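Fold and geometry: a report
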Amino acid sequence: MKKIAAIVLIVLALIMLYLSYKTGGLPPAITGIGFIIIAMVFIRES
């Protein structure tokens, strides 16, 4: 179950990073990086 959550978080992170690039805003990039960190924690636990 945690692997599925990690995959979903990685997909959301990529979307947030793309939105950050398109709009030139910093908050989506920070959220995307946070999602990647959380996904890495989920992957390491399982």
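The residue count restarts for each chain, going from 1 along the sequence in the order it is written. For a predicted model such as this one, the threshold for reporting local features is a pLDDT of at least 70, and the threshold for listing and counting side-chain atom pairs is 80 or more; totals across whole chains, interfaces and linings nevertheless cover every residue. Side-chain figures throughout are based on the complete set of non-hydrogen atoms in the structure, without hydrogens or water.

**Thoughts on the side chain of S20**
As for its placement among the helices and strands, S20 is situated in helix α1 (residues 2-23). Residue contacts follow a heavy-atom distance rule, with two residues in contact if any of their heavy atoms lie within 4.5 Å. Dropping the residues within four chain positions of it, S20 is found in contact with G25, P28 and A29. A run of H or I in DSSP counts as a helix once it spans at least four residues, and a run of E counts as a strand once it spans at least two, with each numbered from the N terminus.

**A few points about a nonpolar patch on the surface**
A surface patch of nonpolar side chains, about 920 Å² in accessible area, is lined by M1, I4, I7, V8, V11, L12, I15, Y18 and L19. Note on placement: Y18 falls in helix α1. Relative accessibility decides the category of a residue: with a 1.4 Å probe and only protein chains considered, values under 20% of the type maximum give buried, values over 50% give exposed, and everything between is partly exposed. On the basis of relative accessible area, Y18 is assigned to the partly exposed category, the value being 49%. Each patch is built from residues that are more than 30% exposed by relative accessible area and take part in no salt bridge. Like charges join if they lie within 9 Å; nonpolar side chains (Val, Leu, Ile, Met, Phe, Trp, Tyr) join within 5 Å. Each accessible area value is a Shrake-Rupley result obtained with a 1.4 Å probe; residue values ignore everything except the protein chains displayed when judging cover. Throughout this description, the term salt bridge denotes a Lys or Arg side-chain nitrogen within 4 Å of a carboxyl oxygen of Asp or Glu.

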